Amino acid sequence: MSEKITGRALVWSNLLSEPLFTLYGFISFILYKDLGASAFLISLVTMLKPVVTILSFYWKPRCLKKNVIWAGFFMRAPFLLCPWIDTPWFLAAAAVNYMFFYRAAIPSWVEILKRNMPQTRDRIFSISSALGYIEGVGLSLAIGGLLDLESGLWKICFFAAALIGLLALWVQSKIPVEDVSIVEKVSLKEKIVRPWRDSWRLMHSRPDFARFQWGFMLCGFGIMLIQPALPIFAVDDLHIGYLEMAVALSIAKGLGFALSSPFWSKWMNKVPIERLASWVFLLVALFPLFLALSLWSGWWLYGAYFLYGIGQGGSHLVWNMSGPIFAGKEDSSRYTGVNVVLAGIRGAVGPSLGGLLAVSFGPVAVLVIGSLFCFYSGLRLYPLRRSKIISPESF
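### Remarks on helix 15 (residues 363-381)
Right, on to step 1. For helix 15, which comprises 19 residues, the first-to-last C-alpha distance of 28 Å matches the rise-based estimate of 27 Å (1.5 Å per residue) to within 8%.
Right, on to step 2. Buried within helix 15 are the following residues: Pro363, Val366, Leu367, Gly370, Ser371, Cys374, Ser377, Gly378 and Leu381. Each buried residue of helix 15 lies within a common arc of 135° when the element is viewed along its axis, so the set occupies one face. Exposed side chains of helix 15 directed beyond 90 degrees from the buried face belong to Leu372 and Leu379.
Right, on to step 3. Buried positions along helix 15 lie against helix 9 (207-226), helix 10 (229-237), helix 12 (273-293) and helix 14 (333-361).

### Digging into the packing of aromatic side chains
Right, on to step 1. Tallied over the entire structure, the rule returns 24 aromatic pairs.
Right, on to step 2. A centroid spacing of 5.4 Å and a plane angle of 35° characterise the contact between phenylalanine 74 and phenylalanine 101, whose relative ring orientation is tilted. Of the two residues, phenylalanine 74 sits in helix 4 (residues 64-76) while phenylalanine 101 sits in helix 5 (residues 88-116), which places them 27 residues apart along the sequence.
Right, on to step 3. You can call phenylalanine 101 buried: its relative accessible area is 10%.

### Observations concerning the packing of helix 9 against helix 15
Right, on to step 1. Where helix 9 contacts helix 15, the two axes come as close as 7 Å, and the packing angle between them is 165°. Classed by the angle they form, the pair helix 9 and helix 15 counts as roughly antiparallel. For the element pair helix 9 and helix 15, the recorded crossing hand is left-handed. Contacts between helix 9 and helix 15 involve Arg211, Phe212, Gly215, Phe216, Leu218, Cys219, Phe221, Gly222, Ile223, Leu225 and Ile226 on the former and, on the latter, Val366, Leu367, Ile369, Gly370, Phe373, Cys374, Tyr376, Ser377, Arg380 and Leu381.
Right, on to step 2. Residue composition of the contact of helix 9 with helix 15, by class: 15 nonpolar, four polar and two charged.

### Quick look at helix 4
Residues separated by three or four positions in an α-helix point in the same direction, a consequence of the helix having 3.6 residues per turn.
Right, on to step 1. Between its first and last C-alpha, helix 4 extends 19 Å over 13 residues, near the 18 Å set by a 1.5 Å rise per residue.
Right, on to step 2. Looking only at helix 4, the buried set comprises Leu64, Asn67, Val68, Ala71, Gly72, Met75 and Arg76. Summarising the axial view, the buried residues of helix 4 lie within an arc of 135°, below the 170-degree limit, and thus occupy one face.
Right, on to step 3. Structurally, helix 4 contributes buried residues whose contacts are with helix 1 (2-24), helix 5 and helix 7 (154-173).

### Thoughts on the side chain of serine 17
Right, on to step 1. For serine 17, the location among the structural elements is in helix 1.
Right, on to step 2. For serine 17, a relative accessible area of 17% translates into the label buried.
Right, on to step 3. Look past the residues within four positions of serine 17 in its chain and what remains in contact with it is Arg76 and Ala168.

Thresholds, definitions, all that
Residues numbered from 1 in each chain as written. Predicted model: local features only at pLDDT ≥ 70, side-chain atom pairs only at ≥ 80, totals over all residues. Heavy atoms only, no water. Helix = DSSP H or I, 4+ residues; strand = E, 2+ residues; numbered from the N terminus. Expected span 1.5 Å × (residues − 1). Buried < 20%, exposed > 50% of the residue type's maximum accessible area, 1.4 Å probe, protein only. Arc of directions from axis to C-beta. Contact = heavy atoms within 4.5 Å. Phe/Tyr/Trp six-rings, centres within 6.5 Å; stacked < 30°, edge-to-face > 60°. Axes fitted to C-alpha atoms, helices over the stretch in contact; angles between N-to-C directions. Parallel < 35°, antiparallel > 145°, perpendicular 65-115°, else oblique. Left-handed = near helix turned anticlockwise from the far one by under 90°. Nonpolar A, V, L, I, M, F, W, Y, C, P; charged D, E, K, R; others polar.

Spelled out as structure tokens, the structure:
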């Protein structure tokens, strides 16, 4: 019964959260196209979104379910003010806040799934993600068309999407979880140092996990590098509107994600997670190359996002499920916490460097460099087997 309730909650949480998540993908374009934000602000937002995940490392309420619910409330709350506050800096702050609490909830959410869904976790997680993306296809097209007609409608859209997202908290509150509230008195210094020390010890004691993380680190850095270049490339070089961008993001990327998710879920049970990750990285590496080719034909744009959707379908599954897989019978939140904090570290450097390179050499050069990082990571990780223990320094 617990597994069925949690499975239904997982599906409904994805469906109810998708409207705001879909709008979130338009934020860089809204900032640049409608609010006239500078390349500096876009690079800053792109950098801070992953950097704040490091701070989310310290968001550790005593109960798993309370962590998920409160983080879900705080990440949506600022968007309820969009109809009345529409400055670029407020929208940028709301975007950063969203990512902070979104990441903060992940370790607890994944641990709840690990406890309540030992048999069907991978399959239901993949199915619920695919359903959310299918929903996102229609939403992206509708939102893109509306914003092309009247750009100011994004304020009402964010307000409505945040309200719908709050319904997911009611669904999650029904999940049965055996939480043990532990009150531990530690110094401020210990609170700051302990997560980093524990993560270092975990990486040091598990070379297989460490090497997997370095692979994700390099590919993730490549993707972070190209993020500031994407809105500049789309607006200044391709001259596309919201609807064309929505078609790429929803139909192309969304269908790639939805169609590939069942296959990624099936392969996860058949091949080592490192090999599966290498396939993901190699597919993702083609995205910026195909995107650069869209200068000659718009079809390359849709092909690029379709491939990216396929790669992201695998990345989403591998990244979220790697904690429970490597943890085995241990508490998976430690492993997922390392995922989160390393995502923040690469985000501290990648976007700012990508923004600087885009201004200095143009967005196409940044796309090529980002692709090379992803290719290298995929090729280096591919020969691995879970049975082999190799020092992470060899990466």
